[in-house]
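Reading the structure
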Amino acid sequence: MATLKELAAREEKFVGGHTSCAGCGYPNIFRLTLAAIKEPVAVVGATGCCEVNTSIFPYTSWKVPFLHNAFENSAATCSGVEAAYQSMVKSGKIKDENFRFIAFGGDGGTYDIGLQSLSGAMERGHDMLYICYDNGAYMNTGIQRSGATPRYANTTTAPVGKVNPGKSQKKKDLAKIMVGHNVPYVAQTIAGNWKDLTNKVEKAMSIRGPKFIVVLATCPLGWVTKSQDTVKLTQMAVDCCFWPLYEVENGKYKINYDPKDKKIPVADWLKLQGRFKHLFKAGNENLLAEIQTEVDQDWENLKALCDFHSKQGVV
Amino acid sequence: MTAVTEVKQLTVARTGNEAMAEAMRQINPDVVAAYPITPATEIAQIFSSFVADGLVNTDMVTVESEHSALSATLGAAAAGARAMTATSSQGLMLMAEIMPIVAALRLPIVMPEVNRAISGPINIHCDHSDTMFCRDAGWIQIFSENAQEAYDNVLQAIKIAENPQVHLPALVTTDGFIISHGMETIKILPDDDAREYIGAYKANYSLLNHEKPITVGSIDLQNYYFEHRIPVIEAMQAAKSIIKQVGKDFGEKYGRAYDLIEKYRTDDAEAAIICLGSTAGTAKDVVDALRTKGQKVGLIKIRVFRPFPVEDLTAALSTLKAVAVFDRSDSLNGYGGPVFTEVCSALFNSAQKPKIINYIYGLGGRDIDVHQIEAVYNRLNSIKDSKDVGDIVSYLGVRK
Ligand SMILES: Cc1ncc(C[n+]2csc(CCOP(=O)(O)OP(=O)(O)O)c2C)c(N)n1
Ligand code: SF4
Ligand SMILES: [Mg+2]
């Protein structure tokens, strides 16, 4: 796995000049992802903040081939690019350059409107990596709730009001949905841990077939957080076990980082985010407790899955 | 004089779907992505057996929806591949979001499409409501009268779409069940001739060039979008002469010439019907029968609906006295059918124009027969010299 020094020495393939807000999580993800890949790579991106901010004609931040088609279909579109490559290599029309293919989408473009397209592409077994940058809402259209929005977050379509405490449903577990597709590699990581992120991208690239990584990304605008806190906020999500770092290779779960006695209360993480401000008002203690119970339960379940696999001697 | 064909063609029995699949086999696309829908399912199904038997080099992407079918086809084409898909009705409408993106990216994707009524209510039979729904998507639209034309049109569509002056996607349609499942004797080119005719494809740009990376599908705002729409508009205009040239050239090579419109016995005609697709075949029989009775009637078949053949139509209609436009769909505009409104608008600035009426017919696969068509010619004969045309829009063959 590449060291920071090695990564820093590589040519930048996702460059500045884009119009993302300061402290936005996804630019980091794309910069690191592309730094971690040494082979030629083509990227397909879904409509959303990332695409809209990085390819405003006549400018582009992408120094690799980049294609945007629409919102819900980056996986299907990428599968077509990959199929074209395989076909033309096989028929001798182009040479085999070990091209790699990446599709990405935001949480809206992946958990919700693009889920079918993603599911189909993963099931068909294309040699591609799908990366979802999950900032927990439809940010580009103004912070609407998505299937990835955490319970009780304030969004513009599930706003905190006199009778509603924000989004009332739990976030989907997308990584597990992808594990259910029996793909060789699924991982969960964060925008603020360069090592974990690049390790996972490198590992994904070493595997042929469909791969999926979901990355927690800050959105200072939607989360109502400080722009300098990108690393801290995503790391705290790991430390409180709301967003564990784990990977699933050929169906076997493995936790990459267990905070153990450094595990922090979820409230410490929520407190820094304006979207959860209402939870700290008197009378809402039960809501906070509910989130804590849910996170603890999910963490125990994840650990149990990992234990199960390690006891079977298959890790 | 055109020297009709030294190419020895094969005479075979094929349905419309089989004929289109045969053309696809000869085209041998790099990628085909498709999803089943009646009555077009067979096209991808037959093609899949060509893949399974190693008769083509195609990578077949068996997608989970038509939206993904066109998305994957777009991706493949942006990667520099020759890529195709096929669909009908609901499938076409599921693709609708991606269709204009294909056109704007100037990707010459050719799609066989079988005309079928759109829901609701759900129906699987022929009308043109699906294709008309997508008429402003920036795709060339070629309608076929029979299985022979379906085959010829798919081959020609490749030449048209990939022409450097055009570089637009193209739909080639047949009428659901009437053509798609009707067995006919057709002539097909020997494989070698077909492959030579189609030629190799060289994309203008490809995502697979990492030394010269390109960004495709940028967001394009107030300061550029308009300018970037103009070349698409111009390409559609330029397509008219290219389609004519390709059709003429096809005739010279293989004995079956094509144009934007087909005029059938219109030279001295006073009354004519305008229609698209399989109905033209039925109407030609009626014209022949009425001609033997001395009636001056003819038929104009619109083969290419996009680009709309304004010049050819206005010229062809200038000598006629009365015309009935047949629409196999209704615009739900509170007035009439899409072909009718476009023909009328084309004629508006002409000095010489006929009286013009509209018939909506055949919705949801309702049969149209020679008697109904004959009755329309009779009406045209009766109104051609009178002041009053009566109802401008009528519904043919519907129970009251
Ligand atoms: C079919 C379709 N529906 C809706 C939209 C509008 N839209 C554009 S971006 C977006 C939100 C994207 O959210 P997400 O995928 O989470 O990415 P983010 O903006 O948060 O980075 C929406 C709803 C669209 N472009 N296409
Ligand atoms: S709104 Fe949020 S996701 Fe969009 S660019 Fe700004 S910080 Fe990033
Ligand atoms: Mg989002």
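What you see is a predicted model; the values in this text were computed from it and never measured.

Definitions and cut-offs
Residues numbered from 1 in each chain as written. Chains lettered and ligands numbered in written order. Predicted model: local features only at pLDDT ≥ 70, side-chain atom pairs only at ≥ 80, totals over all residues. Heavy atoms only, no water. Pairing = 2+ DSSP bridges. Helix = DSSP H or I, 4+ residues; strand = E, 2+ residues; numbered from the N terminus. Contact = heavy atoms within 4.5 Å. Axes fitted to C-alpha atoms, helices over the stretch in contact; angles between N-to-C directions. Near = heavy atom within 4 Å. Nonpolar A, V, L, I, M, F, W, Y, C, P; charged D, E, K, R; others polar. Domains from an automatic or database assignment. Buried area = accessible area lost by both parts, 1.4 Å probe. Donors = N, O, S within 2.8 Å, 3.2 Å for Na, K, Ca; no water. Buried < 20%, exposed > 50% of the residue type's maximum accessible area, 1.4 Å probe, protein only. Polar contact = N/O pair within 3.5 Å; in protein donor to acceptor, adjacent residues only side chain to side chain. Areas by Shrake-Rupley, 256 points an atom, 1.4 Å probe, with all protein chains shown as cover. Salt bridge = Lys/Arg side-chain N within 4 Å of Asp/Glu carboxyl O.

Let us look at the sheet that holds strand β6 (residues 211–216) of chain A. Strand order in this open sheet of nine strands is β8(A)-β7(A)-β5(A)-β6(A)-β4(A)-β3(A)-β1(A)-β2(A)-β10(B), and the pairing throughout is mixed. What marks the edges here is a single partner per strand, and that holds for β8 (252–255) of chain A together with β10 (215–216) of chain B. In this structure, strand β5 (residues 185–190) of chain A lies alongside β6 of chain A, joined through six bridges in parallel fashion. Bridge assignment links A187 of chain A to a residue of β6 of chain A, and that residue is I213 of chain A. Sitting on the sheet, helix α2 (residues 26–36) of chain A is in contact with β1 (41–45), β3 (100–106), β4 (129–134) and β6 of chain A, with an inclination near 155 degrees to β4 of chain A.

Neighbouring residues of ligand 2: S20, C21, C24, Y26, C49, N53, N135, M139, C219, P220 and L221 of chain A. Its residues assigned to classes, the shell around ligand 2 comprises eight nonpolar, three polar and no charged.

Take the domain arrangement of chain B next. Residue and element names in this part refer to chain B. Structurally, chain B comprises domain 1 (10–254) and domain 2 (261–396). Its C-alpha centre places domain 1 at a distance of 28 Å from the equivalent point of domain 2. In this complex, domain 1 contributes 28 residues to the contact, which on the side of domain 2 involves 29 residues. Counting each side, the surface lost to burial between domain 1 and domain 2 is near 2,100 Å², with a carbon and sulfur contribution of 53%.

Bringing the coordination of the magnesium ion (ligand 3) into the picture now. Put simply, the ideal angle at a metal is 109.5 degrees for four donors in tetrahedral geometry and 90 or 180 degrees for six donors in octahedral geometry. Residues and elements named next belong to chain A. Here the magnesium ion (ligand 3) is held by D107 (OD), N135 (OD1) and A137 (O), and the distances to it run 2.0 to 2.1 Å. Look at where the donors of the magnesium ion (ligand 3) fall in the sequence and you get D-x27-N-x1-A. Residue A137 is classed as buried on the basis of its relative accessible area of 3%.

Moving on to the site of ligand 1. As a structural note, the neighbourhood of ligand 1 is formed by 18 residues, with G108, G109, Y133, A137 and N140 of chain A the closest of them. This site is not confined to one chain, since residues near ligand 1 come from chains A and B. Separating an oxygen atom of ligand 1 from a backbone N or O atom of A137 of chain A is a distance of 2.9 Å. Expressed as a share of its isolated accessible area of 590 Å², the protein-covered part of ligand 1 is 77%. The element contributing the most residues to the shell around ligand 1 is helix α5 (residues 107–112) of chain A, with three residues. Residue classes in the shell around ligand 1 are distributed as seven nonpolar, eight polar and three charged.

Here we come to the packing of helix α4 (residues 74–90) of chain A against helix α6 (residues 115–124) of chain A. Residue and element names in this part refer to chain A. Two elements in contact, α4 and α6, have axes separated by 7 Å at closest approach and are oriented at 35 degrees. Every residue of α6 that contacts α4 at S74, A75, A76 and S79 is listed here: S117, L118, A121 and R124. Taken together, the residues that form the contact of α4 with α6 break down as four nonpolar, three polar and one charged.

Tallying the contact residues gives 42 residues for chain A and 39 residues for chain B. Interface area for chain A against chain B, summed over the two sides, is near 3,100 Å², with a carbon-plus-sulfur share of 62%. Run the count over chain A and chain B and you get two salt bridges. Across the pair D30 of chain B and K93 of chain A runs a salt bridge whose closest N-O atoms are separated by 2.6 Å.

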